[in-house]
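Fold and contact review
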Amino acid sequence: MRFVLWGTYCDNALELRTPYREEHLRRLAELQQAGSLITLGPTETSSHVFGIFEAESQQEVEALVKSDIYWREGIWTAVEIHPWIQAF
């Protein structure tokens, strides 16, 4: 099943994420290779994050998000995860 993620970044996210960026991107690549992550990225203003995940449950996606260094270090400040039906 697919899930959509919509979330927010902290103020000054571009500079505050710097020490964590390499670990974050490496983990995203691993999730994508494993088939759990379809896509993820910031809005142009880096105020919000959007992603699409493939998982068995919403709880699985929540666990993936909460184990991400951006969540643990407060770069992502809030996320909403919703089941998604891909029409096209």
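The coordinates are above.
First, a word on what this report is: a plain description of the structure on this page.

Rules used in this analysis
- Residues numbered from 1 in each chain as written.
- Predicted model: local features only at pLDDT ≥ 70, side-chain atom pairs only at ≥ 80, totals over all residues.
- Heavy atoms only, no water.
- Helix = DSSP H or I, 4+ residues; strand = E, 2+ residues; numbered from the N terminus.
- Rg over C-alpha atoms; globule rule 2.2 N^0.38 Å.
- Salt bridge = Lys/Arg side-chain N within 4 Å of Asp/Glu carboxyl O.
- Buried < 20%, exposed > 50% of the residue type's maximum accessible area, 1.4 Å probe, protein only.

**Let's talk about the overall build of the protein chain**
Regarding its fold elements, the protein chain presents 4 helices and 4 strands. Counting helices and strands in the order they occur from the N terminus, the protein chain gives β-α-α-β-β-α-α-β. Taken over C-alpha atoms, the radius of gyration comes to 12 Å for the protein chain, in line with the 12 Å a tight globule of 88 residues would show. Here the C-alpha coordinates of the protein chain stretch approximately 35 × 25 × 20 Å along the principal axes.

**Here's the deal with the pattern of salt bridges**
Evaluated as defined, the whole model comprises 4 salt bridges. The partner of Arg72 in a salt bridge is Glu23, with the nearest N and O atoms 3.6 Å apart. Residue Arg72 is located in helix α4 (residues 69–72), and its partner Glu23 is located in helix α2 (residues 21–34); the two are separated by 49 residues in the primary sequence. Judged by relative accessible area, Arg72 falls into the partly exposed class, the value being 47%. Arg27 is the partner of Asp68 in a salt bridge, and the nearest nitrogen-oxygen pair spans 3.3 Å. Residue Asp68 is found in the loop between α3 (58–66) and α4, and its partner Arg27 is found in helix α2; the two are separated by 41 residues along the sequence. Exposure class is identical for Asp68 and Arg27. Each is buried.

Purely geometric stuff here, so don't read any function into it on its own.
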